[in-house]
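# Examining the three-dimensional arrangement
Chain by chain, the residues:
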Amino acid sequence: MTRSELRGFALAGGCAYAVDLALFGWLRGPLGWDPLTAKALSFVAGCSVAYAGNALGTYRKRAADGTRAVVRARLRVRQYAVFFAVNVAGAVVQLLCLTASHYGLGLTSPRADTVSGAVVGMALATCLRFWGTRTLVFGPGG
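Being a predicted model, the structure only gives us computed values, none of them experimental. (Residues numbered from 1 in each chain as written. Predicted model: local features only at pLDDT ≥ 70, side-chain atom pairs only at ≥ 80, totals over all residues. Heavy atoms only, no water.)

### Notes on the pattern of salt bridges
When the charged atoms of two side chains with opposite charge come close together, those side chains can pair. Threshold: Just to be clear on terms, a salt bridge is a Lys or Arg side-chain nitrogen sitting within 4 Å of an Asp or Glu carboxyl oxygen. Runs of E in the DSSP output that reach at least two residues are strands. Runs of H or I that reach at least four are helices, and both are numbered from the N terminus. Relative accessibility decides the category of a residue: with a 1.4 Å probe and only protein chains considered, values under 20% of the type maximum give buried, values over 50% give exposed, and everything between is partly exposed.
Going through the model one piece at a time under the given rule, you end up with two salt bridges. Here glutamate 5 and arginine 134 are joined by a salt bridge, their closest N and O atoms 2.7 Å apart. Of this pair, glutamate 5 sits in helix 1 (residues 3-28) while arginine 134 sits in helix 4 (residues 110-137), placing them 129 residues apart in sequence. Since its relative accessible area comes to 7%, glutamate 5 is described here as buried. The class of arginine 134 is partly exposed, set by a relative accessible area of 26%. Across the salt bridge formed by aspartate 20 and lysine 39, the nearest N and O atoms sit 2.7 Å from each other. Placement of the pair is aspartate 20 in helix 1 and lysine 39 in helix 2 (residues 35-58), with a sequence separation of 19 residues. Residue classification places lysine 39 among the partly exposed positions, given a relative accessible area of 37%.

As structure tokens, then:
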């Protein structure tokens, strides 16, 4: 693991977070979509931005440059599917942290929910996402 790898992962994740947040706000606010539909769409958009940033930036040197276009396309589809699954697992970690804090420990204030879901949960989910992206998506077998 190098500093440039961490920087690239953080930059791709930051861009993905910004897209997720902005799209969610736009869909919920001006367009008036229901929260779950808006979040589902913004989550997929954020995952797509994060994948593109990692595939074309952070881990671009791990790409199979000598392979045919059809093989590269199949590889990208497989990578994206695994990347999406890793991100869903990260979202589940965040939800589990929130659930444990809110319902298990009885910490029900908005601040407690924010700390458990968006701070503790996000930190754990980011570690899982970094490991999964580096190992499962863009690793030697990815």
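Alright, that's what it looks like, and here's the rest.
### Structural notes on the confidence of the model for the protein chain
Keep this limit in mind: pLDDT measures the predictor's confidence residue by residue and takes values from 0 up to 100.
Taken as a whole, the protein chain shows an average pLDDT of 90; of its residues, 95% reach a score of 70 or greater. No element of the protein chain has a lower mean pLDDT than helix 3 (residues 69-104), at 91, and none a higher one than helix 1, at 93.

### Some details on a nonpolar patch on the surface
The following threshold applies: For patch building, the residue pool is restricted to those with more than 30% relative accessible area and no salt bridge; the joining distance is 9 Å between like charges and 5 Å between nonpolar side chains (Val, Leu, Ile, Met, Phe, Trp, Tyr). Using a 1.4 Å probe, accessible areas were evaluated by the Shrake-Rupley method; residue-level cover was limited to the displayed protein chains.
A contiguous nonpolar patch, built from Trp26, Leu31, Trp33 and Leu41 and spanning about 380 Å² of accessible area, is present on the exposed surface. In this structure, tryptophan 26 sits in helix 1. Accessibility expressed as a relative area gives 46% for tryptophan 26, which makes it partly exposed.

### Comments concerning the environment of arginine 76
The topology assignment puts arginine 76 in helix 3. Taking C-alpha positions, arginine 76 is 42 Å from leucine 107, a pair spaced 31 residues apart along the chain.

### Focus: the nonpolar core
Stated formally: Buried residues of nine kinds, namely Ala, Val, Leu, Ile, Met, Phe, Trp, Tyr and Cys, make up a nonpolar core once their side-chain atoms join them within 4.5 Å. In what follows, residue pairs with any heavy atoms lying within 4.5 Å of each other are defined as contacts.
Formed by Phe9, Ala16, Ala50, Tyr51, Ala55, Tyr59, Phe83, Phe130, Val137 and Phe138, the largest nonpolar core amounts to 10 residues. Put simply, the parts of the chain that give this core at least two residues each are helix 1, helix 2 and helix 4. Considering every element that reaches this core, the biggest residue donor is helix 2, with three residues. Discounting chain neighbours no more than four positions away, the residues touching alanine 16 are Gly46, Val49 and Ala50.

### Looking at the side chain of serine 42
For serine 42, the position within the fold is in helix 2. In contact with serine 42, other than residues within four places in its own chain, are Asp20, Leu23 and Phe24.

### Points about the environment of leucine 56
Within the element layout of this structure, leucine 56 appears in helix 2. Owing to a relative accessible area of 62%, leucine 56 belongs among the exposed residues under this scheme. Spatially, the C-alpha atom of leucine 56 lies 10.0 Å from that of alanine 12, the residues being 44 residues apart in sequence.

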